[in-house]
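Summary of structural features
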Amino acid sequence: RAEKGARDEMKRLADIFRAHIIDVTDASYIIEMTGDSDKLDAFIAAVGAKHIVEVVRSGVSGIARGERCLRA
């Protein structure tokens, strides 16, 4: 949730943790973040449970870049 006075704080925390706000509504932000578990846990703690609607964590994943990709 990012309502009224909390909006600026959410933006500030996203900047500090190098997260990306990828969607904005009048009442919420969707924030995308990558990093190790400690970083993600610290962000969640800093934001606070009352501002979090949902958390989705995918775990470790890898994506090939350039010429180093899978071919069918």
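See the structure above.
Residues numbered from 1 in each chain as written. Predicted model: local features only at pLDDT ≥ 70, side-chain atom pairs only at ≥ 80, totals over all residues. Heavy atoms only, no water.

1. Remarks on helix 2 (residues 37-47)
Residues Leu-40, Phe-43 and Val-47 constitute the buried set of helix 2. Along helix 2, the residues classed as buried sweep out an arc of 60° about the axis, all on the same side. Exposed and oriented more than 90 degrees from the buried face of helix 2 are Asp-38 and Ala-45. The inward-facing, buried residues of helix 2 contact helix 1 (6-16) and strand 2 (29-32). Among the residues trailing helix 2, Gly-48 stands out with phi positive, at a value near 95°. (Buried < 20%, exposed > 50% of the residue type's maximum accessible area, 1.4 Å probe, protein only. Helix = DSSP H or I, 4+ residues; strand = E, 2+ residues; numbered from the N terminus. Arc of directions from axis to C-beta. Contact = heavy atoms within 4.5 Å.)

2. Some thoughts on the nonpolar core
With eleven residues, the main nonpolar core is built from Ala-2, Met-10, Leu-13, Ala-14, Phe-17, Ala-19, Tyr-29, Met-33, Leu-40, Phe-43 and Val-47. Counting only elements with at least two residues in this core, the list comes to helix 1 and helix 2. When neighbours within four sequence positions are excluded, Met-33 is seen to be in contact with Phe-17, Ala-19, Lys-39, Leu-40 and Phe-43. (Core = buried A, V, L, I, M, F, W, Y, C linked by side-chain atoms within 4.5 Å.)

3. Quick look at the side chain of Arg-7
In this fold, Arg-7 is placed in helix 1. The buried charged residue Arg-7 lacks any salt bridge, with Asp-26 as its nearest oppositely charged partner at 6.0 Å. Excluding residues that lie within four positions of it along the chain, Arg-7 makes contacts with Ala-2, Val-24, Thr-25, Asp-26, Ala-27, Ser-28 and Tyr-29. (Lys, Arg positive; Asp, Glu negative; His and termini not counted. Salt bridge = Lys/Arg side-chain N within 4 Å of Asp/Glu carboxyl O.)

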